[in-house]
Amino acid sequence: MQLDPARHAWITAPQTRAVMQALGEGQARFVGGCIRNALLGEPVGDIDIATLLEPGAVMDALKAAGLKAIPTGIDHGTVTAVSGGKPFEITTLRRDIEPQGRRSRVRFTTDWAEDAARRDFRINALYADADGAVHDPVGGLADIETRRIVFIGDPRARITEDYLRILRFYRFTAWYGRALNKDGHAACIALSAGLDGLSRERVWKEWKALISAPDPSRVIEAMREGHVLKEVLPGTLDLNLLLGIIHMDKRESLPPDPLLRTAALLQADEGRMAALCESMKASNAESRRFKMLAMTPRSRAGCGEADRRASLYRLGGDGFRDQIRLSLAFGEGEASHLTSDLSAAERYQRPHLPVRGGDLLQLGVEKGPALGEMLAALEAAWIESDFSLDRAALLAQAKGLAS
């Protein structure tokens, strides 16, 4: 098998060439996702490189070539090269002597087959020389052809080395597989309790990558039936709502949104989403989005111009967009208006209430709860007027409330 460099710009890019030349002819090969995606006709993102050179020699070679070298995981053989502003992860060939996920103890080797044997799936153990010649130590090319996700060797052994591989198995199947590999699926079911011992941040990151596949519904259903999904999202889940979001994404050519899809599975239940954010140590931005999705009454597509403006003010453009997409999955609103509503959310600029607390102080309103209550009342009246009340009209109302 040969990748034609003329058809794969990432191989011939000056940044890539500079790194491969620095490492030396015959000393390095592309590995993993870049080869897999190139063969599958998928976009290539990160470019990982495997090398016979040990980490110290890699650092020296990069510096000698004038490239930035960062010892990102040097104890495990990983150095990051920065060439033309682009990072390349370079890892010395290795084998695990005490497999423990991220805490594995490794020994460097010069045997490409040994390096391949420690990887997770056969499609991720493909290598390619700088000229595009592909090397297949474990049978990954056959899996590329049939779009199968198969563990290297014994699935249970691979999983117990790092239980995150359970979610990776389902993620790669959702993205690239035609059907679930039975042996892999059975091993994941049998060992799913091991997910509980993983860092929640790792699980959350992997889950978001899984559910961001164009259509992960069959994989999610298999995880649910095998009781694997409860290790990530406990409780009753609504697969119909998830399907509604997925079908909408396809129909409207919208990019998959992992948070929106997760909210659909959780039925947009505020308590469950808050508990998930806490357990997964979600970011503040993610927590805010979930909170917006749980707000009721939910905004609906085609709600009318005035209601749309009020919802946009209350939720902001992003929050409004999330809610109308979720409402359609619930069977609410008018799908024919989705495009115009999304466009309005994209353009939205929030207006400012024409009066401030200082204006009310000048009217004799005292600082404290009364001031906040009056501002809230004026804001509600302003929204109710479809934002037509100007400063003078609002101050007139304030005088009446203050008297």
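For the structure itself, consult the block above.
Conventions adopted
Residues numbered from 1 in each chain as written. Predicted model: local features only at pLDDT ≥ 70, side-chain atom pairs only at ≥ 80, totals over all residues. Heavy atoms only, no water. Helix = DSSP H or I, 4+ residues; strand = E, 2+ residues; numbered from the N terminus. Buried < 20%, exposed > 50% of the residue type's maximum accessible area, 1.4 Å probe, protein only. Salt bridge = Lys/Arg side-chain N within 4 Å of Asp/Glu carboxyl O. Axes fitted to C-alpha atoms, helices over the stretch in contact; angles between N-to-C directions. Left-handed = near helix turned anticlockwise from the far one by under 90°. Contact = heavy atoms within 4.5 Å. Nonpolar A, V, L, I, M, F, W, Y, C, P; charged D, E, K, R; others polar. Parallel < 35°, antiparallel > 145°, perpendicular 65-115°, else oblique. Pairing = 2+ DSSP bridges.

Novice: Would you explain the environment of Glu 54 in this entry?
Specialist: Summarising the element assignment, Glu 54 is placed in the loop between strand S2 (48-51) and helix H4 (55-64). You can call Glu 54 partly exposed: its relative accessible area is 47%.

Novice: Would you take a moment to explain the pattern of salt bridges for this structure?
Specialist: Pairing is possible between side chains that carry opposite charge, provided their charged atoms lie close to one another. In this structure the tally under the stated criterion is 29 salt bridges. Note that Glu 161 and Arg 165 form a salt bridge whose closest N and O atoms lie 2.7 Å from each other. Accessibility expressed as a relative area gives 10% for Arg 165, which makes it buried. We note a salt bridge from Arg 289 to Asp 322, for which the minimum N-O separation is 2.9 Å. Linking Arg 289 in helix H15 (residues 284-294) with Asp 322 in helix H16 (residues 305-329), this pair joins segments that are 33 residues apart in sequence. Residue class for Arg 289 comes out partly exposed when judged on its relative accessible area of 22%. Judged by its relative accessible area of 1%, Asp 322 is buried. Connected via shared salt-bridge partners are Asp 257, Arg 289, Asp 318, Arg 321 and Asp 322.

Novice: What am I meant to see in the packing of helix H8 (residues 164-176) against helix H9 (residues 182-190) here?
Specialist: Helices that pack against each other are described as a pair by the angle of their axes relative to one another and the distance between those axes. It is at 10 Å that the axes of H8 and H9 come closest, and there the two elements cross at 145 degrees. Of the two elements, H8 crosses H9, and the hand of that crossing is left-handed. Mapping the contact onto sequence places Ile 166, Phe 169 and Tyr 170 in H8 and Gly 184, His 185, Cys 188 and Ile 189 in H9. Along the lines of polarity and charge, the residues of the contact of H8 with H9 split into five nonpolar, two polar and no charged.

Novice: Is there a simple way to think about the environment of Leu 361 in this case?
Specialist: The residue Leu 361 is located in helix H18 (residues 357-362) in this model. Owing to a relative accessible area of 34%, Leu 361 belongs among the partly exposed residues under this scheme. Between the C-alpha atoms of Leu 361 and Tyr 163, which are 198 residues apart in sequence, the distance is 61 Å. Contacts of Leu 361, omitting those with residues within four sequence positions, involve Glu 366, Lys 367 and Leu 371.

Novice: What exactly am I supposed to notice about the packing of H16 against helix H17 (residues 338-347) here?
Specialist: Interaxial distance between H16 and H17 falls to 9 Å at its minimum, and their mutual angle equals 135 degrees. One element, H16, and the other, H17, form an angle in the oblique class. Judged by the twist between their axes, the crossing of H16 over H17 is left-handed. Together, Arg 308, Leu 312, Gly 317, Phe 320, Arg 321, Ile 324, Arg 325 and Leu 328 of H16 and Leu 338, Ser 340, Asp 341, Leu 342, Ala 344 and Ala 345 of H17 make up the contact between the two elements. A breakdown of the residues in the contact of H16 with H17 according to their chemical character gives eight nonpolar, two polar and four charged.

Novice: What am I meant to see in the pairing of strand S5 (residues 86-92) here?
Specialist: Looking at chain direction, S2 and S5 are connected through four bridges and run parallel. Residue pairing in the sheet places Ile 49 in a bridge with Ile 90 of S5. In the sheet, strand S4 (residues 78-83) pairs with S5 via six bridges, with the strands oriented antiparallel. Among the inter-strand pairings, Thr 80 is bridged to a residue of S5, identified as Glu 89.

As far as function goes, none of this settles anything; it's purely spatial.
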